[in-house]
Amino acid sequence: MAAFEQLRALVVEDNAHMRKLLRELIAALGIKESYEAANGKEAFAILREHQPDLVLTDLTMQPMDGIEFTRQVRLSPASPNPYVPIIMVTGHTERHRVEAARDAGTTEFLAKPVTVNNLFLRIAEIVERPRPYVRCATYFGPDRRRHNDEKYNGPWRRETDAQNDLEFR
Amino acid sequence: MSSKKRPPAPLPGKSVSVQPGAYPVFTSTAAMALLRALRDPAVAAEATQVIADSADEFRAEVLNYIDRVDAAARAEDFESIYDHAHEIRGLAGNAGLAATARIANGLCRYLDALARAARRPEGHVIALHLEAIARAAHAEDEATRLGDAVASELAQLVDKKLAEINGLESA
């Protein structure tokens, strides 16, 4: 058995066809143990029971959407693993919705339509380049700074920003 | 539950970083095996076939949502129109209906902007999009220049309408 066959994935999606497709793609990759939920509320219960290593979630669902689910995973005392990688699989292109998902603690975004290349790139990104997690008064989740902005001239607030802070002064 | 898995407590006025390795991630053997699979052409071919095999059921699902969005439009239920159009844009691409997805995305952009501006959508803008969605999704060969041209024209219409809203907002 390949080592990664011990990995578990959770697919959260209200559309049964998309849910099935995502589970089949995960299985094709070799992750045979996967679970599914039709909304964030169901997903959180499954997350607690099975503790998946990877989560793929839709954004728009009832009664709990992917944003609230992600927030629960990151911040709830009942969450079994606040660090679990979460890929938000969404057709939303409206900026405010994408920013809300990012600010809830989404690890990666996968735009619909789902393609093999895009899905595999997102998973590879998680495996090859895991990001630091950041905790502040208003956020816990993967570091939202994906690149150094040379034009940024605001304050540096992180403890690890000491060097930058000196340069800023 | 391992205390190693708990995030650090927030510090007033500060942020704290937790570096990879200090939190639970895939084991190195699992990560290596996963990367090998992600780069394996045979795995990619199998996954591509999975997507190809699902296209017909996605197409049928898009047609279901077209019926629902038409009913929502007749009822002038703008929230439901958005919800169904959003489903169409998410599903149509995997049904091989790229132009349908683009047109549905334009309608979503329009309705989302109007809702955020607390303005009532114009019926003819919705009707034009729904007619184009239905025609494109039912076309024998949806991926035609005509489908793309219609999607582009409607995108321009939405851009114009959104510019009008933004102009009104900033006036």
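What you see is a predicted model, and the numbers here were worked out from it, not measured in a lab.

Asks: Please give an account of the overall build of chain A that cites residues and values.
Replies: Per the secondary structure count, chain A includes 6 helices and 7 strands. Taken over 169 residues, chain A has a buried fraction of 42%. The long-range share in chain A, meaning contacts at least 24 apart out of those at least 6 apart in sequence, stands at 58%.

Asks: Now, about the overall build of chain B: what can you tell me, with residues and values included?
Replies: Secondary structure assignment for chain B yields 7 helices and 1 strand. Starting at the N terminus and walking to the C terminus, you meet the elements of chain B as β-α-α-α-α-α-α-α. Against the globule reference of 16 Å for 171 residues, chain B gives a C-alpha radius of gyration of 23 Å, more extended than a compact globule. Dimensions of chain B, computed from C-alpha atoms along their principal axes, come out at roughly 55 × 50 × 25 Å. For chain B, the share of sequence-separated contacts (at least 6 apart) that also reach a separation of at least 24 residues comes to 62%.

Asks: Hey, could you go over the pairing of strand 3 (residues 54-57) of chain A for me, with residue numbers and the actual values?
Replies: A regular strand places its side chains so that they alternate between the two faces of the sheet. All names here are of chain A. Here strand 3 shows a buried face lined by Leu 54 and Leu 56 and a second buried face lined by Val 55 and Thr 57. Sheet analysis places strand 1 (residues 8-12) next to strand 3, joined by 4 bridges and oriented parallel. Across the sheet, the residue bridging to Val 12 is Thr 57, located in strand 3. Sheet topology note: the strand 3/strand 4 (residues 86-90) ladder contains 3 bridges and is parallel. Considered in strand 4, the bridge of Thr 57 is made with Met 88.

Asks: Quick one: what's the story with the sheet that holds strand 1 of chain A, residue by residue and with numbers?
Replies: All names here are of chain A. Strand order in this open sheet of 5 strands is 2-1-3-4-5, and the pairing throughout is parallel. Edge positions in the sheet fall to strand 2 (33-37) and strand 5 (108-111), since each has one partner strand and no second. Adjacent strand axes in the sheet meet at a mean angle of 20° when their direction is disregarded. Where strand 1 and strand 2 come together, 5 bridges link them in parallel fashion. Bridge pairing in strand 2 links Leu 10 to Tyr 35. Along the sheet, helix 5 (residues 116-128) contacts strand 4 and strand 5; its crossing angle with strand 5, the most-contacted strand, is approximately 175°.

Asks: Let's hear about the interface of chain A and chain B: which residues, and what values?
Replies: In this complex, chain A contributes 44 residues to the contact, which on the side of chain B involves 47 residues. When contributions to the side of chain A that touches chain B are tallied by element, the ones reaching two or more residues are helix 1 (16-29), helix 5 and strand 6 (133-136) of chain A. For the side of chain A that touches chain B, the leading source of residues is helix 1 of chain A, giving 7 residues.

Asks: Can you explain the sheet that holds strand 7 (residues 139-142) of chain A? Please cite residues and give values.
Replies: Adjacent strands of a sheet form backbone hydrogen bonds with each other and so pair up, either parallel or antiparallel. The 3 strands lie next to each other as 7(A)-6(A)-1(B), forming an open sheet whose pairing is antiparallel. Strands with a single pairing partner mark the edges of an open sheet, and in this sheet they are strand 7 of chain A together with strand 1 (16-18) of chain B. The sheet shows a mean angle of 15° between the axes of neighbouring strands, taken without regard to direction. Both strand 6 of chain A and strand 1 of chain B contribute to a ladder of 3 bridges, which runs antiparallel. Residue pairing for strand 1 of chain B: Val 134 of chain A is matched across the bridge by Ser 17 of chain B.

What counts and how
Throughout this document, residue positions are counted from 1 along each chain, in the order its sequence is written. Going through the entries in the order they are written, you letter the chains from A and number the ligands from 1. At least 70 in pLDDT is required for a residue's local features to be given in this predicted model, at least 80 for side-chain atom pairs to be given and counted, and no such filter applies to totals for whole chains, interfaces and linings, which use all residues. A run of H or I in DSSP counts as a helix once it spans at least four residues, and a run of E counts as a strand once it spans at least two, with each numbered from the N terminus. Burial is judged by counting other C-beta atoms within 10 Å of a residue's own C-beta: 20 or more means buried, 12 or fewer means exposed, and anything between counts as partly exposed, with every C-beta placed from the backbone. Contacts are defined on C-beta atoms placed from the backbone: any two residues whose C-beta positions lie within 7 Å are in contact. The size measure is the radius of gyration over C-alpha atoms, and the globule rule it meets is 2.2 Å times the number of residues to the 0.38 power. Only strands joined by at least two bridges in the DSSP assignment are considered to pair. Every axis in this analysis is a line fitted to C-alpha atoms, fitted for helices over the stretch in contact. Angles between the N-to-C directions lie between 0 and 180 degrees.

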